[in-house]
Amino acid sequence: MMKGIFEHQANPSGVGFLVKEYIQKHFTSPLHYHDVFELIWIKKSFGKLYAGNSITNFHEGDLYLFGPGFGHCFYNEKSFIDRGSMAHAVAIFFSGEVLGKDFFDNSEYIKIKDLLNKSAKGLKLTPSRKMIVTLFSTITQQSGMEELISFLKLLHQCSILPPAEMLALNNQQTNKEVTLKDSERLDPVLKYVMANFRGSLDSKTAAKLTFLNEAAFCRFFKKRMEQTFSQFVNHVRITHAKSLLLKKDWDVLRVCYDSGFNSLSYFNRQFRELTGKSPKEYRKSFHSQLESVVMDYQDD
């Protein structure tokens, strides 16, 4: 699993969990990981999430659970920063022994233990229950027993979500570790790509950000990221294209250009390579799934 800067989170009171609220112009943490679990709700913001070895879009209302040692970083879209909104998130950091050693081994809490085990690959939770949002909205105003009860309710509500509302961000784990020095080199490169993927990107410019020559940078990047710089750029662009295909009523050519590609045939080829589908198939598949969910809801 790719690791970046280590960030220790400890509650000064000694309690095994800590609630933090982030309200800022844009998310500023570099690629990092913790020695505890992190449950984070994105109240207001959107952009790209680098998680483990994957890249995905994140939006308002998203909920994520990262296990200890899981490298991640939220990068805001330039369009979000330009509109002057404040990024807002609530994160809960907690130890696996928050209620005592082996507490979650009890058969009564097997679903919570399973949830925590799955978080090693990173989890995106898409809860349909309003209670989860309500709990996140109120826990920042609580303390003591009320705060603890809300935290436990959140864990319980997340653990009983159906499989369709739990998405693993990575198919498998790797043991690729990155030192503090490596992370300091990588972070400006990742920010450079996230901020400029719609335009022209090149390894020479990226290399200058790491104070390496181009050849050394390409070797360094591939070793640390387990993909070439151009593969990473294409991954970011296709991730953006997937979002546009689902959110915008644009034709594929416009999506292609807005995602930073100059060739429709190359865009189609890269899209199929990363998703297993053409852009049109991907959009059609999503709408078919959405229609199925609506029909199921109406039947209920």
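Going by the structure above, here's the rest.
Reading the values: the criteria
Residues numbered from 1 in each chain as written. Predicted model: local features only at pLDDT ≥ 70, side-chain atom pairs only at ≥ 80, totals over all residues. Heavy atoms only, no water. Helix = DSSP H or I, 4+ residues; strand = E, 2+ residues; numbered from the N terminus. Buried < 20%, exposed > 50% of the residue type's maximum accessible area, 1.4 Å probe, protein only. Contact = heavy atoms within 4.5 Å. Areas by Shrake-Rupley, 256 points an atom, 1.4 Å probe, with all protein chains shown as cover. Phe/Tyr/Trp six-rings, centres within 6.5 Å; stacked < 30°, edge-to-face > 60°. Pairing = 2+ DSSP bridges.

Enquirer: Tell me what's going on with the overall build of the protein chain, and back it up with residues and numbers.
Expert: Counting its regular elements, the protein chain contains 11 helices and 11 strands. Among the 300 residues that make up the protein chain, the fraction classed as buried is 46%. Long-range pairs, those at least 24 residues apart, make up 73% of the contacts in the protein chain between residues at least 6 apart in sequence. Of the roughly 15700 Å² of accessible surface on the protein chain, 52% is carried by carbon and sulfur atoms.

Enquirer: Hey, could you go over the packing of aromatic side chains for me, with residue numbers and the actual values?
Expert: Counted according to the given criterion, the structure contains 21 aromatic pairs. Their ring planes at 65 degrees and their centres at 5.8 Å tell us that Tyr 64 and Phe 74 sit as a pair that is edge-to-face. One end of the pair, Tyr 64, is in strand S7 (residues 63-66); the other, Phe 74, is in strand S8 (residues 72-76), with 10 residues separating them in the sequence. Three or more aromatic residues link up through ring pairs in this structure, and these residues are Phe 27, Phe 58, Tyr 64, Phe 66, Phe 70 and Phe 74.

Enquirer: I'd like a description of the environment of Thr 140, backed by residues and values.
Expert: Locating Thr 140 in the fold gives a position in the loop between helix H3 (130-139) and helix H4 (144-159). C-alpha of Thr 140 to C-alpha of Glu 21: the two residues are 119 residues apart in sequence and 7.0 Å apart in space. Residues contacting Thr 140, with those up to four places away along its chain left out, are Val 19, Glu 21 and Val 90.

Enquirer: Kindly report on unusual backbone geometry, identifying the contributing residues and their values.
Expert: For Phe 211, which is not glycine, the phi dihedral falls at a positive 60 degrees. Take Phe 211: it is sitting in the loop between helix H6 (203-210) and helix H7 (214-225). We classify Phe 211 as exposed; its relative accessible area is 75%.

Enquirer: I'd like a description of the pairing of S8, backed by residues and values.
Expert: Strand residues, when the strand is regular, have side chains that alternate between the two faces of the sheet. Taken across its 5 residues, S8 has 5 buried, putting it largely inside the fold. Bridge count for strand S5 (residues 47-51) against S8 is 5 bridges, and the pairing is antiparallel. Following the sheet pairing, Leu 49 is matched in S8 by Phe 74.

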